[in-house]
Amino acid sequence: LLLSPLRDLELPAAVKAMTLVLGLALSVMGLIGGYLVARMPKERVQNIAEYIENMVRRGTVGLVLSENQADALGRLGHAVNHYMTFVKDEIEQSSLTAKERQIQIKVLEAEHRHIESVIHAISDGVIVTGAFGDLLLANEAAERIFGFRFETAIRKPIEEVITDKSFLGLLQDMRETGLFVPHRTLEWVQGSGDQARIWRVVLNTVVEGKKRERISGAVAV
């Protein structure tokens, strides 16, 4: 219920989280300190209310209650302030992590565009599939060889894009045995009879993981 209105707002995740935490913290304060606040001097209550309202308007997290008083409210203030300081540190760390991820994504996007440019400049046909056999990348030469359009075939299972069963068998075998033989060169016969064409195919698997125990894709040239 608390998260529902936050999801609809066009705000950064860190701001949404901070708003939610502020609301929860204020709810906890109301439950724990309601009795104490009722017995506080009116001026002291107004100062705390104004401080919290300003903090919400600025979108910041800081100390909430004064710790100077040696009464129960002072001890409550110490506990709440300690919690809010922790929340502030967590939000700042989350914001920093989000920025780092945005930079990493932009770097990866730039690298991807660079790889695409290189592949499209190659005169040989190039097919790149993912870990589950979906088409990730193909150049114009591959489009001509297999008769498809990459724009409409991207992310589709390779079996829906290429109909040649012998070539599909090469890719399937590469995905199944690529951990042990990550690179191989072989011949592939396309068609039959007078229309047959013999291609030299270079296959490689992309292996990931700390121990290189997982195939994340295959490349056919």
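Bear in mind the structure is a predicted one, so any value in this text is a computation, not a measurement. (Residues numbered from 1 in each chain as written. Predicted model: local features only at pLDDT ≥ 70, side-chain atom pairs only at ≥ 80, totals over all residues. Heavy atoms only, no water.)

Draft legend 1. How the structure looks around the overall build of the chain. Of the regular secondary structure elements, the chain holds eight helices and five strands. For the chain, the sequential pattern of α-helices and β-strands runs α-α-α-α-β-β-α-α-α-α-β-β-β. The buried share among the 221 residues of the chain stands at 31%. At a minimum sequence separation of 6, the contacts of the chain that also span at least 24 residues come to 34%. (Helix = DSSP H or I, 4+ residues; strand = E, 2+ residues; numbered from the N terminus. Buried < 20%, exposed > 50% of the residue type's maximum accessible area, 1.4 Å probe, protein only. Contact = heavy atoms within 4.5 Å.)

Draft legend 2. Fine view of the nonpolar core. By size, the foremost hydrophobic cluster in this structure holds 24 residues, and its most contacted members are Ile 127, Leu 135, Phe 148, Ile 162 and Phe 167. Secondary-structure elements contributing two or more residues to this core are β1 (127-130), β2 (135-138), α5 (140-146), α6 (150-153), α7 (158-161), α8 (165-177) and β4 (197-208). The element best represented in this core is α8, accounting for five residues. (Core = buried A, V, L, I, M, F, W, Y, C linked by side-chain atoms within 4.5 Å.)

Draft legend 3. Representation of a nonpolar patch on the surface in the model. A contiguous nonpolar surface patch, about 310 Å² in accessible area, is contributed by Leu 179, Phe 180 and Val 181. Mapped onto the elements, Phe 180 comes out in the loop between α8 and β3 (183-190). By relative accessible area, Phe 180 is classed as exposed at 70%. (Patch = residues over 30% accessible without salt bridge, like charges linked within 9 Å, V, L, I, M, F, W, Y side chains within 5 Å. Areas by Shrake-Rupley, 256 points an atom, 1.4 Å probe, with all protein chains shown as cover. Salt bridge = Lys/Arg side-chain N within 4 Å of Asp/Glu carboxyl O.)

Draft legend 4. Representation of the pattern of salt bridges in the model. Considering all chains together, one arrives at six salt bridges under this definition. The partner of Asp 134 in a salt bridge is Arg 155, and the shortest N-O contact between them spans 3.4 Å. With Asp 134 in the loop between β1 and β2 and Arg 155 in the loop between α6 and α7, this pair connects stretches of sequence that are 21 residues apart. Among the salt bridges present, the one from Arg 149 reaches Glu 143, with a minimum N-O distance of 3.4 Å. Through salt bridges with shared partners, a single ionic network connects Glu 143, Arg 149 and Glu 151.

Draft legend 5. The sheet that holds strand β5 (residues 214-220), seen in detail. The strand order β2-β1-β5-β4-β3 describes an open sheet built from five strands, whose pairing is antiparallel. Edge positions in the open sheet fall to β2 and β3, since each of these has one partner strand only. Recorded for the sheet is a direction-independent mean angle of 25° between the axes of neighbouring strands. Inspection of the sheet shows β1 paired to β2 by three bridges, in the antiparallel sense. Residue pairing in the sheet places Val 128 in a bridge with Leu 137 of β2. (Pairing = 2+ DSSP bridges. Axes fitted to C-alpha atoms, helices over the stretch in contact; angles between N-to-C directions.)

Draft legend 6. Structural view of the packing of aromatic side chains. All chains considered together, the criterion is met by four aromatic pairs. With centroids separated by 4.7 Å and ring planes inclined at 50°, the aromatic side chains of Phe 146 and Phe 167 adopt a geometry described as tilted. Taken together, the residues span a long stretch of sequence, with Phe 146 in helix α5 and Phe 167 in helix α8 at a distance of 21 residues. Ring centres 4.9 Å apart and planes at 55° place the aromatic pair Phe 167 and Trp 188 in the tilted group. Of the two residues, Phe 167 sits in helix α8 while Trp 188 sits in strand β3, which places them 21 residues apart along the sequence. Neither Phe 167 nor Trp 188 differs from the other in exposure class; each is buried. Put simply, the rings of Phe 146, Phe 167, Trp 188 and Trp 199 touch in pairs and so form one group of aromatic residues. (Phe/Tyr/Trp six-rings, centres within 6.5 Å; stacked < 30°, edge-to-face > 60°.)

Draft legend 7. Structural detail: the pairing of β3. Looking at chain direction, β3 and β4 are connected through eight bridges and run antiparallel. Residue pairing in the sheet places Glu 187 in a bridge with Arg 200 of β4. Adjacent in sequence and paired antiparallel, β3 and β4 are bridged by six residues, among which Gly 191 carries a positive phi angle near 80°.

Draft legend 8. Here's a closer look at unusual backbone geometry. Here Arg 155, not a glycine, exhibits a phi torsion of approximately 70°, which is positive. Judged by relative accessible area, Arg 155 falls into the exposed class, the value being 58%.

Interpretation note: all reported values are geometric properties and have no functional meaning in isolation.
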